[in-house]
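Structural description and commentary
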Amino acid sequence: MELYKTNQLKIYNSLSKSKEVFTPLVEGKVGMYVCGPTVYSDVHLGNVRTFMSFDMVFRYLKHLGYKVRYVRNITDAGHLENDADEGEDRISKKARLEQIEPMEVVQRYTVDFHNTLQKINNLPPSIEPTATGHIVEQIEIIKDILNKGLAYEVNGSVYFDVLKYNETAHYGVLSGRNIEDSIHNTRELDGQSEKKNPQDFALWKKADERHIMRWPSPWSEGFPGWHLECSAMSTKYLGETFDIHGGGMDLKFPHHECEIAQSKVKNGVNPVRYWMHANMLILNGQKMAKSTGNYILPNEIFSGDNTILSKPFTPSATRFFMLQAHYRSILDFSSKALEASEKGYIKLMEAVNNINTIEVSNESSIDIHSWKEKCYAAMNDDFNTPVLIAHLFEAVKYINLLLTKKETISSEDLQHFKTTLNAFVFDVLGLKNDLSDDDSDKLSSVVELLIAMRKEARENKNWALSDKIRDKLLEIGIQLKDGKEGTTFSIN
Ligand SMILES: [Zn+2]
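Owing to the predicted nature of the structure, the values given are computational and were not obtained by experimental measurement.

**Points about the overall build of the protein**
Looking only at helices and strands, one finds 16 helices and 15 strands in the protein. Each of the three principal axes of the protein carries a C-alpha extent, and together these read 95 × 55 × 40 Å. Out of the 492 residues belonging to the protein, those deemed buried represent 40%. Relative to all contacts within the protein whose residues are 6 or more apart in sequence, the contacts with residues 24 or more apart total 73%.

The following block contains the structure:
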């Protein structure tokens, strides 16, 4: 029987601002959409934390036995420099500055994004659609919104009429903002803008001469507004209403608010049942962001190539560090905190290795079943990874007591213990075992093989080959010692 049938998962819904029991639209299936990166620069650790949080959600849903369709887009056009629909397209700007094609920018940073997420052991999404691959769908949505009278065209650009929408719906339902407040608090338009009201947002922008990325449309040669792609792609791949929509906290407004408004006008229904937002990573007391220069790149952590780090840290230790905070909590980044996490990670992996050497007894003196229930309870409580990790350290304690024979465990319970521990550590948290002795086992076998070949060479009085094996091994730091009991080796 699938685990979801016996586990009641609760998710904090940003829309209702409360934890709700998760019931998918279709039993056994989950549709999940997460806003992906704008591929115009290297992905920094703050972005990685957001994507890793949803990877953990994806992994746990799969662990519970759900068939998950996870869609995460690539923004390769339409994302302007600021939220007021002004400024240059971020990718076009980078392409202009570096004198390369926009699609070269897109390719370079998409590859970097995939490499980085793979290092941190994120699973790939089920579908990864691009904004430029869905221009036709976006134009169709704009036509529909225009027909319904909730958008207007000015000089070849099309804007969503927020005030008109707000007459029958609540623009601000997710972010808790009130349109009346924003009317009072917004500066008067400077006369340069084509918008009727500053709250309106672009669905289509006419491209000026310097804008490289442009497509034909009924209104002008131009490009779609940034918010529109997510409405187009989520509807196309997950339907008019789907289960989970995730993204970074900073996308709540205006991006997600605009997505709700567009989709609601187009399809007549609320698009998302559970809105999830991951919190930010803080460095030097401030939000990590490319625009302010206050950020650290994942590769700098793995290589130790940054002055704020005391040493390099592996992707696994970095992932473990991020999972030790709840995805809705702010996480403070520092070399010291990372060092502490690394120690914990090593302790956990040692225990995962040592569990294989535990000897079984007839009876168990520890209660594995209630420990397992606590692990599930933590994850069912809005994916509470820090509490789960606390229970995993409880398991470390059990393992050490079992190794020193202060506690006992039956063979059946031990099997159960191993399966559960491995499932949470590797499948759900997505950690890798850097301490796995798989490779050193293989190395030992190779050296033993060479020792045997050398012995054979000596027996055949082939001293030249025998010496060559010894000397070449020494060159790579492996020393052979001949003794009465045969040949042994040490690795320097
Ligand atoms: Zn989005």
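**Brief notes about the environment of lysine 455**
Turning to its location among the elements, lysine 455 is positioned in helix 15 (residues 438-459). Once the C-alpha coordinates of lysine 455 and asparagine 178 are considered, the two residues, 277 residues apart in sequence, prove to be 83 Å apart.

**Digging into the packing of helix 7 (residues 226-238) against helix 8 (residues 252-267)**
Packing of helix 7 against helix 8 brings their axes to within 8 Å, and their N-to-C directions diverge by 50°. Relative to helix 8, helix 7 is oriented oblique. For helix 7 against helix 8, the interelement crossing comes out right-handed. Contacts between helix 7 and helix 8 involve His227, Leu228, Cys230, Ser231 and Thr235 from the former and His255, Cys258, Glu259, Gln262, Ser263, Lys266 and Asn267 from the latter. Classifying every residue of the contact of helix 7 with helix 8 gives 3 nonpolar, 7 polar and 2 charged.

**Some remarks on the domain arrangement of the protein**
It is common to report an interface's size as the accessible area lost on association of the parts. Partitioning the protein into domains gives domain 1 (3-282), domain 2 (296-428) and domain 3 (438-491). With centres defined by C-alpha atoms, the gap from domain 2 to domain 3 works out at 38 Å.

**Details of the sheet that holds strand 8 (residues 222-224)**
Read from one edge to the other, the open sheet built from 4 strands follows the order 5-6-7-8, with strand pairing classed as antiparallel. In the strand order of this sheet, the two ends are held by strand 5 (151-154) and strand 8, each with one partner. Looking at each pair of strands side by side, their axes are set apart by 20° on average, direction ignored.

**Details of the sheet that holds strand 11 (residues 281-283)**
Pairing is mixed in the open sheet, where 3 strands are placed in the order 12-11-13. If you trace the sheet from one side to the other, it starts and ends with strand 12 (286-287) and strand 13 (331-333), each paired once. Across 2 bridges, strand 11 lies against strand 12 in antiparallel orientation. Across the sheet, the residue bridging to isoleucine 282 is lysine 287, located in strand 12.

**With respect to the nonpolar core**
Ranked by size, the top nonpolar core spans 119 residues in total, and within it Phe160 and Leu203 carry the most contacts. It is helix 1 (residues 45-63) that provides the largest number of residues to this core, a total of 10 residues. Of the domains in this structure, domain 1 (3-282) and domain 2 (296-428) are the two that each give at least three residues to this core. In this view, phenylalanine 160 contacts Ile145, Leu150, Ala151, Asp200, Phe201, Leu203, Ala261 and Gln262; residues no more than four positions away in its chain are not counted.

**Quick look at the packing of helix 1 against helix 14 (residues 411-428)**
Packing of helix 1 against helix 14 brings their axes to within 9 Å, and their N-to-C directions diverge by 140°. Taken together, the axis directions place helix 1 and helix 14 in an arrangement best described as oblique. Counting all contacts with helix 1, which are made through Arg59, Tyr60 and His63, the residues of helix 14 involved are Ala423, Asp427 and Val428. Per-class residue counts for the contact of helix 1 with helix 14 are 3 nonpolar, 1 polar and 2 charged.

**Some words on helix 12 (residues 368-380)**
Over its 13 residues, helix 12 runs 18 Å from end to end, which matches the ideal 18 Å to within 8%, given 1.5 Å per residue. Restricting attention to buried positions, one finds in helix 12 the residues Ile368, Cys375, Tyr376, Ala378 and Met379. End-on view of helix 12: buried residues confined to an arc of 155°, all on one side of the axis. If you follow the buried residues of helix 12, they end up packed against helix 1, helix 13 (385-403) and helix 14. Aspartate 382 occupies a position one or two residues after helix 12 and carries a positive phi of about 55°.

**Remarks on the pairing of strand 2 (residues 18-21)**
The pairing of strand 1 (residues 10-13) with strand 2 spans 4 bridges and is classified as antiparallel. Residue isoleucine 11 lies in a different strand from strand 2, and its bridge partner there is glutamate 20. The turn linking strand 1 back onto strand 2 is made up of 4 residues, and lysine 17 within it adopts a positive phi angle of 55°.

**Details of the environment of lysine 264**
Residue position: lysine 264 is located in helix 8. Judged by the 20 C-beta atoms lying within 10 Å of it, lysine 264 is buried. Sequence separation of lysine 264 and serine 41 is 223 residues, and the distance between their C-alpha atoms is 32 Å.

**Points about unusual backbone geometry**
Trans is the common state for peptide bonds, and a negative phi is the common state for residues other than glycine. The omega torsion across phenylalanine 253 and proline 254 is 0°, close enough to zero to call that bond cis. Turning to its location among the elements, proline 254 is positioned in helix 8. The backbone of asparagine 284 sits at a positive phi, close to 55°, despite the residue not being glycine. Relative to the assigned elements, asparagine 284 resides in the loop between strand 11 and strand 12. Despite not being glycine, phenylalanine 383 has its phi angle at roughly 55°, a positive value. Tracing the chain through its elements places phenylalanine 383 in the loop between helix 12 and helix 13. With 26 C-beta atoms packed within 10 Å, phenylalanine 383 lands in the buried category.

**Some thoughts on helix 16 (residues 463-475)**
Taking 1.5 Å of rise per residue, the 13 residues of helix 16 would be expected to cover 18 Å, and the 18 Å separating its terminal C-alpha atoms lies within 8% of that figure. Looking one or two residues past helix 16, glycine 477 carries a phi angle of roughly 95°, positive in sign.

Basis of the calculations
Residues numbered from 1 in each chain as written. Predicted model: local features only at pLDDT ≥ 70, side-chain atom pairs only at ≥ 80, totals over all residues. Helix = DSSP H or I, 4+ residues; strand = E, 2+ residues; numbered from the N terminus. Buried ≥ 20, exposed ≤ 12 C-beta atoms within 10 Å, placed from the backbone. Contact = placed C-beta atoms within 7 Å. Axes fitted to C-alpha atoms, helices over the stretch in contact; angles between N-to-C directions. Parallel < 35°, antiparallel > 145°, perpendicular 65-115°, else oblique. Left-handed = near helix turned anticlockwise from the far one by under 90°. Nonpolar A, V, L, I, M, F, W, Y, C, P; charged D, E, K, R; others polar. Domains from an automatic or database assignment. Pairing = 2+ DSSP bridges. Core = buried A, V, L, I, M, F, W, Y, C linked by C-beta atoms within 7 Å. Expected span 1.5 Å × (residues − 1). Arc of directions from axis to C-beta.

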